[in-house]
Amino acid sequence: MKAIETVKAFIAQHMLMDADKLYLVAVSGGADSVCLLLMLQQLGYRIEAVHCNFHLRGEESNRDEAFVKDLCLNHNIPIHLTHFDTNAYADLHQVSIEMSARILRYQYFEQLRNDLNADGICIAHHRDDSVETMLLNLMRGTGIHGLCGIHPRRDHILRPLLCLSRNNIEQWLNEQQQPFVTDSTNNETEALRNYLRLDIIPRLQQRWPAAADSMMATARRLAEATKVYDAATKAALEKLTENNGTNEPHEPYRPHETQKISISALLEEPSPESILHEWLSPLGFQSAVIEQISQRLGTLQEGSYWQSETHELTAHQGHLLVQTLQAAERPTLRIPETGNYVYDQTEHFSISISEGQTIDRSENMCCLDADTVDFPLIIRPIQTGDRFQPLGMKGTRLVSDYLCDKKLSLFERRRQLVVTDKNGEILWLVNQRPKHPNRITEETKRTLLIKHF
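Residues numbered from 1 in each chain as written. Predicted model: local features only at pLDDT ≥ 70, side-chain atom pairs only at ≥ 80, totals over all residues. Heavy atoms only, no water.

Peer 1: Tell me about the environment of Thr384, and please be specific about residues and values.
Peer 2: Assignment of secondary structure puts Thr384 in the loop between strand S15 (377–381) and strand S16 (387–388). Accessibility expressed as a relative area gives 85% for Thr384, which makes it exposed. In sequence terms Thr384 and Lys227 are 157 residues apart; their C-alpha atoms lie 50 Å from each other. (Helix = DSSP H or I, 4+ residues; strand = E, 2+ residues; numbered from the N terminus. Buried < 20%, exposed > 50% of the residue type's maximum accessible area, 1.4 Å probe, protein only.)

Here it is, written out as structure tokens:
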């Protein structure tokens, strides 16, 4: 089968493109992107070219731009050009040049796609790129997904040339008598991908001529296997979080809201580590940390703690609890008089006074003798050394000891609030217990009502 027919069949097999829709084609001027552009035009798709000049190779970058402009002019293909100061972006954001170019490129592609109402962005990755990706991921200690190579589609990114090798591409261009440009940095073996392309893979193919084809066949089988794996781990995770969590299934994960999984239930699954990866990897936890947790599941100590850049995880009463990482200490709110108040943007307090004796034993209500309380009140998080006299007790206790006895998790203790009077005396350990000396008695004439919601 001719190369272009192979690409046509590949597009149909993976349902990548529709003849009635518009597609952007990323064109660098190299063999791969030139082949992609011209093949898609010959196959009758509505396309427009996109070229990014990153100004990283001096005059060579300008040569590539001029080549792409002439190519599109000669084939009557609309073109979009953009220029980036890649070095400045890398310095500003403290990322590598390679990562900077990638970020800038894909941000521009997506913006242009939206502006033109295009259906997708076609990228010229081919079979050999996918083989390199598999080897890179294997050496980095990837999971099963990393061994699937490059996918034909990722959201709006389409890769119609994954069915062709680099040799197939260059042979087709020769048949078309179509020149292309070569990036001189592709010959620098310092870059790991170039080292694989120029040194390692050729040696593998000398010993095993069908090595690349065999690896791609394996990748295809793994891609199918991952569908079963993903469905099974997702179903198990939904079952575990639904049975043990505080969130309703399929509800969005909200800041400071805790999800939990029973460790004993997790250990009954065929692969607890796989489920942990499904749960924790999207929250930024590294594979090494997840493996460590998995190996210690049966012996985790109460209060064991881990954190990623965005989330934190702890062990509590036979469960693993995870929540969004709190970026800053909770504030202090001054309450000068009765009324309704918003604390930390998400919590509300209602302060009122009623005549006579009112007793409401709801967890989120505090009823105190109003004539024993001096305003302003203060709402704040607990502090080290806080003490109070809980209702029904004769002496004072450390708040930390009281909360430990109540078996609150590390997350719950850290978020615990207190209401104090103007002298700093704790009147209410919010949603837990009021202060004994300020309780309602037979002599109470007015009741101070504090409601938390």
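Peer 1: Please provide a residue-by-residue account of helix H1 (residues 3–13), values included.
Peer 2: Of all the residues in H1, the buried ones are Ala3, Ile4, Val7, Phe10 and Ile11. All buried residues of H1 project into a common sector of 120° when viewed along the axis, lining one side. Along H1, exposed side chains directed more than 90 degrees from the buried face belong to Ala12 and Gln13. The secondary structure elements touched by the buried residues of H1 are helix H2 (31–42) and helix H7 (166–176). A positive phi of about 50° marks Met15, the residue just after H1. (Arc of directions from axis to C-beta. Contact = heavy atoms within 4.5 Å.)

Peer 1: Quick rundown of the pattern of salt bridges? Include the residues and the values.
Peer 2: Enumeration according to the criterion identifies 23 salt bridges in this entry. Among the ionic pairs, Asp119 bridges to Lys21, the shortest N-O distance being 3.9 Å. Of this pair, Asp119 sits in the loop between helix H5 (97–116) and strand S4 (120–122) while Lys21 is found in the loop between H1 and strand S1 (22–26), placing the two residues 98 residues apart along the sequence. We classify Lys21 as partly exposed; its relative accessible area is 36%. Residues joined by salt bridges that share partners form a network here, namely Arg57, Glu60, Arg63, Asp64 and Asp183. (Salt bridge = Lys/Arg side-chain N within 4 Å of Asp/Glu carboxyl O.)

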